[in-house]
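A look at the structure
One letter stands for each residue in the lines below.
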Amino acid sequence: MTRTLIQSTGPAHTRIYAYGAARGEVAVPNDDLIGPIDSSDEWIRQRTGIVTRVRALEQTTAIELATDAAAEAIARSGVDPQQIDAVIVATISNPKQTPSVSAIVADRIGSNPAAAFDLNAACAGFAYGVTQADALIRAGAAHYVVVVGAEKLSDVVDPADRSISFLLGDGAGAVVIGPSDTPGIGPTVWGSDGSKADAVGMNHTLNEFRNGTAPWPTLRQEGPTVFRWAVWEMVKVARQALEAAGVEAADLAAFVPHQANMRIIDEFAKQLKLPDTVVIGRDIETTGNTSAASIPLATHRLLEEHPELSGGLALQIGFGAGLVFGAQVVVLP
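Residues numbered from 1 in each chain as written. Predicted model: local features only at pLDDT ≥ 70, side-chain atom pairs only at ≥ 80, totals over all residues. Heavy atoms only, no water.

Some remarks on helix α9 (residues 294-305)
Selection rule: Strands are runs of DSSP state E lasting at least two residues, helices are runs of H or I lasting at least four, and both sets are numbered from the N terminus onward. By this rule, a helix spans an expected 1.5 Å times one less than how many residues it contains. Burial here depends on accessible area, computed with a 1.4 Å probe over protein chains only, as a share of the maximum for the residue type. Under 20% is buried, over 50% is exposed, and the range in between is partly exposed.
End to end, α9 covers 16 Å across twelve residues, agreeing with the expected 16 Å (1.5 Å per residue, within 8%). Within α9, nine of the twelve residues are buried, leaving the element largely enclosed by the surrounding structure. Within α9, burial applies to Ser294, Ile295, Pro296, Leu297, Ala298, Thr299, His300, Leu302 and Leu303.

If you want it as C-alpha cells, here you go:
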C-alpha cells in the first residue's frame, strides 16, 4: 500500500501587522564627508537630495540594529515573540559570513526555536523577504514571520570613493507578517539582470583581501548606469506590480521606493503620474541609502508622520546590487 503524503496548507491571505525601526546613532552631515571626495555640500544635495545620513557606532553591528527593529515591530504587532515561526533578515553587511544574523536575532527577540535565514538581495532584500514570508504563511510553513532589512554599510564604504560613499547610511527596518481575512500583500514582480552585475557591488573579494592582493572590499557603483536602469526599467516593474495587484496609481495612499537617490524618487513619481494625494517616502534626506533597510525605514517614518495612511495601499519597490529588483503593493497596518 502506497501512503499519501500530507502536504501543509495555510490561510488564503496575509498582511503586515506592524513596522519597527532602528537607525544609526550618529548623524553625519555632508560637510563631514566632502574632504576625501573633493566635493561640497551643495554638490551632494543636488545630486542625491541627502542633507545628512545616520551611521552606527563602531561597536554597533547589523545584528544589534536588526534586533532593535524586530523587537519594536513585534511589540507593536501584539504577537507573542514565542509565536514567531520564522525570522528572515535581508542584509549584505553581516559582520560574519556565518552564523546568520537571523538566527541570532531570533534568539535575542525571544523567538527560539524559530526557523531563521538571511537573504542577500541588496536593496531589493526587504521586498524579497516580504515575498517569502507571504508564501511561507500561505503554504502553511509558518504562521507569523518577522522580516528585517538591516545594514551597517559604513563597514563597507571607502571614504574616498566618489561613486557611492556619500550615499550610504546604517539602519534596520522590520515587519511582522501574519494571516489575514482579506488580501494585505499583493503579488510580487521580481527578478534580476546579472549581466550587469558589475554596475554596483563589491570591488574585491574576501579571498583577494586575505591573500594580500587587494584592500578591504568596499561598495562601488557606475552611477549613470544605475540611474538609467532604475528610472526607466524599474518604472516598468512598478507599473507591473500595480497591474498584478489590480489597482491603479490613483488608488495608492503612499509610494515607498528604495531610498537610492532623491532624483530617482522624483523621476519615479513623475513617470508613474502619481496624484498629489499620494504620500512619497523621502527618508533618504536624513537617513541616507540604507540598502535592504531603506523601504521599511521610510515606511516606518511615513506612518509616524502620517497616521492617517493606516489601512491605505502602498507601492514599495526595491532595486540594487546585481541589478536585483522586487515590487509589491501592500496594505499599511
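As for a nonpolar patch on the surface
Condition: Residues enter patches when they are more than 30% accessible in relative terms and free of salt bridges; like-charged ones are connected within 9 Å and nonpolar ones (Val, Leu, Ile, Met, Phe, Trp, Tyr) within 5 Å. Under the convention used here, a 1.4 Å probe and the Shrake-Rupley method define accessible areas, while residue burial counts only the protein chains that appear. For this document, the term salt bridge refers to a Lys or Arg side-chain nitrogen within 4 Å of an Asp or Glu carboxyl oxygen.
Together, Leu206, Phe209 and Trp216 give the surface a local cluster of nonpolar side chains, amounting to about 300 Å² of exposed area. Here leucine 206 lies in helix α5 (residues 206-210). Given a relative accessible area of 41%, leucine 206 falls into the partly exposed group.

Some points on the pattern of salt bridges
Two side chains with opposite charge may pair up if their charged atoms get near one another. Applying the stated criterion to the full structure yields 13 salt bridges. Put simply, arginine 45 and aspartate 41 hold a salt bridge, and the shortest N to O gap is 3.0 Å. Of this pair, arginine 45 and aspartate 41 both sit in helix α1 (residues 41-48), separated by four residues, roughly a single helical turn. Overall, arginine 45 belongs to the partly exposed group, its relative accessible area being 41%. Between glutamate 233 and lysine 236 there is a salt bridge, with its nearest N and O atoms 3.5 Å apart. Of the two residues, glutamate 233 and lysine 236 are both situated in helix α6 (residues 223-245); the distance of three residues between them amounts to about one turn of the helix. Residue glutamate 233 is classed as partly exposed on the basis of its relative accessible area of 35%.

Some thoughts on the packing of aromatic side chains
Applied cut-off: Note on aromatic contacts: the rings of Phe and Tyr and the six-membered ring of Trp form a pair at centre separations within 6.5 Å, being stacked when their planes are under 30 degrees apart, edge-to-face when over 60 apart, and tilted otherwise.
The tally for this structure, following the rule as stated, stands at seven aromatic pairs. Between tyrosine 128 and tryptophan 190, the ring centres sit 4.7 Å apart and the planes meet at 65°, which makes this aromatic pair edge-to-face. Highlighted residues: tyrosine 128 in helix α4 (residues 125-138) and tryptophan 190 in strand β8 (residues 189-192), separated in sequence by 62 residues. On the basis of relative accessibility, which here comes to 15%, the residue tyrosine 128 falls in the buried class. Ring centres 6.2 Å apart and planes at 75° place the aromatic pair tryptophan 229 and phenylalanine 319 in the edge-to-face group. One end of the pair, tryptophan 229, is in helix α6; the other, phenylalanine 319, is in strand β13 (residues 313-320), and 90 residues separate them in sequence.

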